[in-house]
Amino acid sequence: PEGAIRKLPVVQAVLLAMAAALLVGAPSAQVRLAIVLLAGGLIAAWLYMRSERRAAVPVIPLSTWRGSGPVGSSLQAVMFFTAAYMGAGVFLPLYLQGVRGETATEASIAVTAGGISWTVASSLVSQARGPWPRRIVRGGAFLVAGAGLCIALQTATGHWPVAIVILTWALAAVGIGSSMIHLMNWAIVFSPSSQTGAISGAVQTCRMLGSATGGALMGALLNGIGSDTGHLPAAIGAVFLLVMALALWPATFGMPRGVERVRLQDQAGIPEGVEAVA
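Residues numbered from 1 in each chain as written. Predicted model: local features only at pLDDT ≥ 70, side-chain atom pairs only at ≥ 80, totals over all residues. Heavy atoms only, no water.

A. Spotlight on the side chain of Ser51. Within the element layout of this structure, Ser51 appears in helix α2 (residues 31-54). Residue classification places Ser51 among the buried positions, given a relative accessible area of 12%. For Ser51, the residues in contact, after removing those within four places along its chain, are Val11, Gln12 and Leu15. (Helix = DSSP H or I, 4+ residues; strand = E, 2+ residues; numbered from the N terminus. Buried < 20%, exposed > 50% of the residue type's maximum accessible area, 1.4 Å probe, protein only. Contact = heavy atoms within 4.5 Å.)

B. Just the environment of Leu16, in detail. Among the structural elements, Leu16 can be located in helix α1 (residues 10-25). Separated by 193 residues in sequence, Leu16 and Leu209 have C-alpha atoms that sit 9.8 Å apart. The residues touching Leu16, leaving out its near neighbours within four places in the chain, are Tyr48, Val59, Ile60, Thr205 and Leu209.

C. Molecular detail of the nonpolar core. Within the largest apolar cluster, 68 residues are counted, with the highest numbers of intra-cluster contacts made by Phe81, Leu92, Leu96, Trp169 and Phe240. If one sorts the elements of this core by residue count, helix α8 (residues 162-189) sits on top with 15 residues. (Core = buried A, V, L, I, M, F, W, Y, C linked by side-chain atoms within 4.5 Å.)

D. Looking closely at the packing of aromatic side chains. Using the criterion set out here, one finds four aromatic pairs in the structure. Taking 5.9 Å as the distance between ring centres and 35 degrees as the angle between the ring planes, the aromatic pair formed by Phe80 and Trp249 counts as tilted. Pair noted here: Phe80 is in helix α4 (residues 69-89) and Trp249 is in helix α10 (residues 232-251), with a separation of 169 residues, a long-range link. Note on Phe80: relative accessible area 25%, which makes it partly exposed. Given a relative accessible area of 31%, Trp249 falls into the partly exposed group. Among the aromatic residues, ring-to-ring pairing joins Phe80, Trp249 and Phe253 into one connected group. One residue, Arg135, lies across the ring of Trp132, its end atom 4.8 Å from the ring centre. (Phe/Tyr/Trp six-rings, centres within 6.5 Å; stacked < 30°, edge-to-face > 60°. Lys NZ or Arg CZ within 6 Å of the ring centre and 35° of its normal.)

E. Representation of the environment of Leu38. Note that Leu38 resides in helix α2. Among the residues examined, Leu38 registers a relative accessible area of 43% and is labelled partly exposed. With 20 residues separating them along the chain, Leu38 and Pro58 place their C-alpha atoms 24 Å apart. Setting aside its immediate chain neighbours within four residues, Leu38 contacts Leu23 and Ala26.

What follows is the structure, given as C-alpha coordinates:
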(Lines give C-alpha, C1' and ligand atoms only; values in the text may rest on other atoms or scores of the structure.)
Protein backbone atom coordinates (compact mmCIF):
# COMPACT_ATOMS: atom_id res chain seq x y z
CA PRO A 1 0.00 0.00 0.00
CA GLU A 2 1.10 3.56 -0.66
CA GLY A 3 3.20 5.00 2.14
CA ALA A 4 3.89 1.63 3.76
CA ILE A 5 7.49 0.92 4.77
CA ARG A 6 8.57 -2.71 4.95
CA LYS A 7 11.96 -4.08 5.87
CA LEU A 8 13.77 -6.08 3.26
CA PRO A 9 13.79 -9.79 4.28
CA VAL A 10 17.58 -10.00 4.34
CA VAL A 11 17.85 -12.58 7.14
CA GLN A 12 15.20 -14.83 5.59
CA ALA A 13 16.80 -14.60 2.17
CA VAL A 14 20.28 -15.43 3.47
CA LEU A 15 18.99 -18.39 5.50
CA LEU A 16 17.04 -19.70 2.50
CA ALA A 17 20.12 -19.38 0.27
CA MET A 18 22.26 -21.20 2.83
CA ALA A 19 19.71 -24.00 3.26
CA ALA A 20 19.34 -24.44 -0.50
CA ALA A 21 23.10 -24.43 -1.15
CA LEU A 22 23.89 -26.94 1.60
CA LEU A 23 21.01 -29.30 0.80
CA VAL A 24 21.64 -29.17 -2.95
CA GLY A 25 25.32 -29.96 -2.40
CA ALA A 26 24.73 -32.86 -0.01
CA PRO A 27 23.40 -35.60 -2.36
CA SER A 28 26.51 -35.73 -4.58
CA ALA A 29 29.16 -35.25 -1.86
CA GLN A 30 31.27 -37.92 -0.18
CA VAL A 31 29.56 -39.52 2.81
CA ARG A 32 31.24 -37.57 5.61
CA LEU A 33 30.93 -34.25 3.84
CA ALA A 34 27.35 -35.08 2.82
CA ILE A 35 26.42 -35.60 6.49
CA VAL A 36 27.91 -32.22 7.41
CA LEU A 37 26.15 -30.48 4.51
CA LEU A 38 22.84 -32.18 5.29
CA ALA A 39 23.01 -31.26 8.97
CA GLY A 40 23.95 -27.66 8.17
CA GLY A 41 21.21 -27.43 5.57
CA LEU A 42 18.54 -28.73 7.93
CA ILE A 43 19.61 -26.28 10.65
CA ALA A 44 19.54 -23.39 8.16
CA ALA A 45 16.13 -24.55 6.91
CA TRP A 46 14.77 -24.70 10.46
CA LEU A 47 16.05 -21.20 11.21
CA TYR A 48 14.61 -19.99 7.90
CA MET A 49 11.16 -21.40 8.72
CA ARG A 50 11.24 -19.80 12.19
CA SER A 51 12.08 -16.46 10.61
CA GLU A 52 9.38 -16.85 7.96
CA ARG A 53 6.65 -17.56 10.54
CA ARG A 54 7.38 -14.26 12.30
CA ALA A 55 7.60 -12.22 9.10
CA ALA A 56 4.78 -9.92 7.97
CA VAL A 57 5.39 -11.06 4.40
CA PRO A 58 7.40 -14.25 3.86
CA VAL A 59 9.94 -14.73 1.10
CA ILE A 60 7.96 -17.82 0.07
CA PRO A 61 4.44 -18.27 1.48
CA LEU A 62 4.35 -21.04 4.07
CA SER A 63 1.39 -22.56 2.21
CA THR A 64 3.83 -23.45 -0.59
CA TRP A 65 5.49 -26.15 1.49
CA ARG A 66 2.09 -27.62 2.35
CA GLY A 67 0.69 -27.16 -1.15
CA SER A 68 -2.44 -25.57 0.29
CA GLY A 69 -4.61 -22.80 -1.14
CA PRO A 70 -4.47 -21.42 -4.66
CA VAL A 71 -1.24 -19.46 -4.06
CA GLY A 72 0.67 -22.16 -2.18
CA SER A 73 -0.38 -25.01 -4.44
CA SER A 74 0.45 -22.99 -7.58
CA LEU A 75 3.92 -22.13 -6.27
CA GLN A 76 4.52 -25.73 -5.28
CA ALA A 77 3.52 -26.85 -8.79
CA VAL A 78 6.01 -24.33 -10.22
CA MET A 79 8.78 -26.03 -8.21
CA PHE A 80 7.86 -29.51 -9.40
CA PHE A 81 7.56 -28.42 -13.04
CA THR A 82 10.98 -26.78 -13.04
CA ALA A 83 12.55 -29.61 -11.02
CA ALA A 84 11.44 -32.03 -13.74
CA TYR A 85 12.12 -30.00 -16.88
CA MET A 86 15.02 -27.70 -15.95
CA GLY A 87 16.73 -30.45 -13.96
CA ALA A 88 16.53 -32.84 -16.92
CA GLY A 89 17.80 -30.16 -19.27
CA VAL A 90 21.27 -30.66 -17.78
CA PHE A 91 21.24 -34.37 -18.67
CA LEU A 92 19.69 -34.28 -22.14
CA PRO A 93 22.99 -33.35 -23.87
CA LEU A 94 24.78 -35.99 -21.77
CA TYR A 95 22.28 -38.58 -23.02
CA LEU A 96 22.59 -37.51 -26.65
CA GLN A 97 26.38 -37.26 -26.71
CA GLY A 98 27.50 -39.66 -23.98
CA VAL A 99 25.04 -42.50 -24.59
CA ARG A 100 23.96 -42.11 -28.21
CA GLY A 101 27.17 -40.62 -29.61
CA GLU A 102 25.39 -37.73 -31.30
CA THR A 103 27.21 -34.52 -32.15
CA ALA A 104 27.16 -31.36 -30.06
CA THR A 105 25.18 -29.74 -32.88
CA GLU A 106 22.38 -32.30 -32.59
CA ALA A 107 22.33 -31.90 -28.83
CA SER A 108 22.09 -28.12 -29.18
CA ILE A 109 19.23 -28.47 -31.69
CA ALA A 110 17.26 -30.47 -29.12
CA VAL A 111 17.84 -27.87 -26.40
CA THR A 112 16.98 -25.03 -28.80
CA ALA A 113 13.80 -26.80 -29.90
CA GLY A 114 12.76 -26.85 -26.25
CA GLY A 115 13.39 -23.14 -25.80
CA ILE A 116 11.42 -22.19 -28.92
CA SER A 117 8.53 -24.52 -28.07
CA TRP A 118 8.30 -23.11 -24.51
CA THR A 119 8.03 -19.55 -25.84
CA VAL A 120 5.51 -20.34 -28.57
CA ALA A 121 3.29 -22.46 -26.32
CA SER A 122 3.29 -19.81 -23.60
CA SER A 123 2.14 -17.17 -26.08
CA LEU A 124 -0.58 -19.32 -27.61
CA VAL A 125 -2.31 -20.34 -24.37
CA SER A 126 -1.91 -17.12 -22.37
CA GLN A 127 -5.45 -15.97 -23.18
CA ALA A 128 -7.15 -19.25 -22.19
CA ARG A 129 -10.08 -18.77 -19.82
CA GLY A 130 -12.82 -20.77 -18.11
CA PRO A 131 -11.92 -24.41 -17.45
CA TRP A 132 -9.07 -24.39 -19.95
CA PRO A 133 -6.19 -23.17 -17.72
CA ARG A 134 -6.64 -26.14 -15.36
CA ARG A 135 -6.81 -28.53 -18.29
CA ILE A 136 -3.72 -26.95 -19.82
CA VAL A 137 -1.70 -27.25 -16.58
CA ARG A 138 -2.71 -30.87 -16.07
CA GLY A 139 -2.04 -31.72 -19.70
CA GLY A 140 1.28 -29.88 -19.59
CA ALA A 141 2.42 -31.92 -16.61
CA PHE A 142 1.50 -35.12 -18.43
CA LEU A 143 3.50 -33.94 -21.46
CA VAL A 144 6.62 -33.45 -19.32
CA ALA A 145 6.05 -36.80 -17.61
CA GLY A 146 5.51 -38.52 -20.96
CA ALA A 147 8.74 -37.05 -22.30
CA GLY A 148 10.64 -38.40 -19.29
CA LEU A 149 9.16 -41.87 -19.82
CA CYS A 150 9.83 -41.77 -23.57
CA ILE A 151 13.53 -40.94 -23.17
CA ALA A 152 13.89 -43.54 -20.42
CA LEU A 153 12.43 -46.15 -22.77
CA GLN A 154 14.82 -45.07 -25.52
CA THR A 155 17.83 -45.64 -23.27
CA ALA A 156 16.55 -49.14 -22.50
CA THR A 157 15.50 -50.26 -25.98
CA GLY A 158 18.19 -48.84 -28.22
CA HIS A 159 18.70 -46.00 -30.64
CA TRP A 160 15.51 -44.43 -31.90
CA PRO A 161 15.92 -41.71 -34.56
CA VAL A 162 17.37 -38.55 -33.05
CA ALA A 163 14.41 -36.64 -34.51
CA ILE A 164 12.16 -38.45 -32.02
CA VAL A 165 14.32 -37.25 -29.12
CA ILE A 166 14.14 -33.68 -30.39
CA LEU A 167 10.36 -33.90 -30.84
CA THR A 168 9.97 -35.45 -27.38
CA TRP A 169 11.89 -32.63 -25.74
CA ALA A 170 9.98 -30.01 -27.74
CA LEU A 171 6.69 -31.49 -26.48
CA ALA A 172 7.99 -31.39 -22.90
CA ALA A 173 8.74 -27.70 -23.44
CA VAL A 174 5.22 -27.17 -24.76
CA GLY A 175 4.00 -28.72 -21.51
CA ILE A 176 5.97 -26.49 -19.16
CA GLY A 177 5.60 -23.37 -21.32
CA SER A 178 1.83 -23.63 -21.55
CA SER A 179 1.50 -24.44 -17.84
CA MET A 180 3.92 -21.97 -16.30
CA ILE A 181 2.10 -18.86 -17.54
CA HIS A 182 -1.09 -19.95 -15.73
CA LEU A 183 0.69 -21.11 -12.57
CA MET A 184 2.42 -17.73 -12.26
CA ASN A 185 -0.83 -15.92 -12.97
CA TRP A 186 -2.75 -17.86 -10.32
CA ALA A 187 -0.09 -17.23 -7.69
CA ILE A 188 -0.22 -13.47 -8.28
CA VAL A 189 -3.96 -13.09 -8.89
CA PHE A 190 -5.00 -14.97 -5.75
CA SER A 191 -2.44 -13.35 -3.45
CA PRO A 192 -3.52 -10.60 -1.02
CA SER A 193 -3.07 -7.13 -2.50
CA SER A 194 -0.46 -6.30 0.17
CA GLN A 195 1.68 -9.27 -0.93
CA THR A 196 1.40 -9.15 -4.72
CA GLY A 197 4.95 -7.88 -5.19
CA ALA A 198 6.38 -10.41 -2.75
CA ILE A 199 4.50 -13.27 -4.43
CA SER A 200 5.76 -12.15 -7.83
CA GLY A 201 9.30 -12.49 -6.48
CA ALA A 202 8.43 -15.81 -4.82
CA VAL A 203 7.43 -17.24 -8.21
CA GLN A 204 10.95 -16.69 -9.52
CA THR A 205 12.51 -17.99 -6.31
CA CYS A 206 10.43 -21.17 -6.56
CA ARG A 207 11.52 -21.64 -10.17
CA MET A 208 15.17 -21.46 -9.15
CA LEU A 209 14.70 -23.72 -6.12
CA GLY A 210 12.90 -26.30 -8.24
CA SER A 211 15.61 -26.26 -10.90
CA ALA A 212 18.40 -26.60 -8.34
CA THR A 213 16.66 -29.37 -6.41
CA GLY A 214 15.80 -31.36 -9.52
CA GLY A 215 19.34 -31.09 -10.85
CA ALA A 216 20.82 -32.11 -7.48
CA LEU A 217 18.59 -35.18 -7.12
CA MET A 218 19.21 -36.28 -10.70
CA GLY A 219 22.95 -35.74 -10.34
CA ALA A 220 23.02 -37.79 -7.15
CA LEU A 221 21.03 -40.55 -8.85
CA LEU A 222 23.39 -40.61 -11.82
CA ASN A 223 26.50 -40.65 -9.63
CA GLY A 224 24.98 -43.34 -7.43
CA ILE A 225 24.36 -45.68 -10.37
CA GLY A 226 27.57 -44.73 -12.15
CA SER A 227 28.66 -42.36 -14.87
CA ASP A 228 31.11 -44.73 -16.57
CA THR A 229 30.39 -46.12 -20.02
CA GLY A 230 28.91 -49.35 -18.70
CA HIS A 231 26.49 -47.71 -16.27
CA LEU A 232 25.66 -44.43 -18.00
CA PRO A 233 22.67 -45.71 -20.06
CA ALA A 234 21.00 -47.13 -16.94
CA ALA A 235 21.79 -43.96 -14.98
CA ILE A 236 20.30 -41.71 -17.67
CA GLY A 237 17.22 -43.94 -17.84
CA ALA A 238 16.78 -43.62 -14.08
CA VAL A 239 17.19 -39.83 -14.30
CA PHE A 240 14.38 -39.53 -16.82
CA LEU A 241 12.15 -41.85 -14.82
CA LEU A 242 12.65 -39.39 -11.96
CA VAL A 243 11.63 -36.63 -14.38
CA MET A 244 8.40 -38.52 -14.99
CA ALA A 245 7.75 -38.97 -11.26
CA LEU A 246 8.33 -35.27 -10.48
CA ALA A 247 6.08 -34.11 -13.32
CA LEU A 248 3.25 -36.45 -12.32
CA TRP A 249 2.83 -34.68 -8.97
CA PRO A 250 1.31 -31.43 -10.36
CA ALA A 251 -0.75 -33.54 -12.76
CA THR A 252 -2.35 -35.52 -9.92
CA PHE A 253 -2.18 -34.88 -6.16
CA GLY A 254 -0.28 -31.60 -6.53
CA MET A 255 -2.70 -30.01 -8.98
CA PRO A 256 -3.34 -26.39 -7.81
CA ARG A 257 -6.43 -26.07 -5.64
CA GLY A 258 -9.10 -23.39 -5.55
CA VAL A 259 -8.02 -21.65 -8.75
CA GLU A 260 -11.34 -22.28 -10.47
CA ARG A 261 -13.41 -20.49 -7.81
CA VAL A 262 -13.91 -17.20 -9.60
CA ARG A 263 -13.21 -15.46 -12.86
CA LEU A 264 -9.73 -14.03 -13.27
CA GLN A 265 -10.78 -10.38 -13.46
CA ASP A 266 -13.17 -10.67 -10.51
CA GLN A 267 -10.50 -12.05 -8.18
CA ALA A 268 -7.85 -9.61 -9.26
CA GLY A 269 -10.08 -6.56 -9.06
CA ILE A 270 -9.05 -5.69 -12.60
CA PRO A 271 -11.52 -4.10 -15.03
CA GLU A 272 -12.86 -6.31 -17.79
CA GLY A 273 -10.51 -6.40 -20.76
CA VAL A 274 -7.36 -5.69 -18.76
CA GLU A 275 -5.23 -8.80 -18.32
CA ALA A 276 -3.42 -9.89 -15.18
CA VAL A 277 -0.03 -11.17 -16.24
CA ALA A 278 2.94 -12.52 -14.31
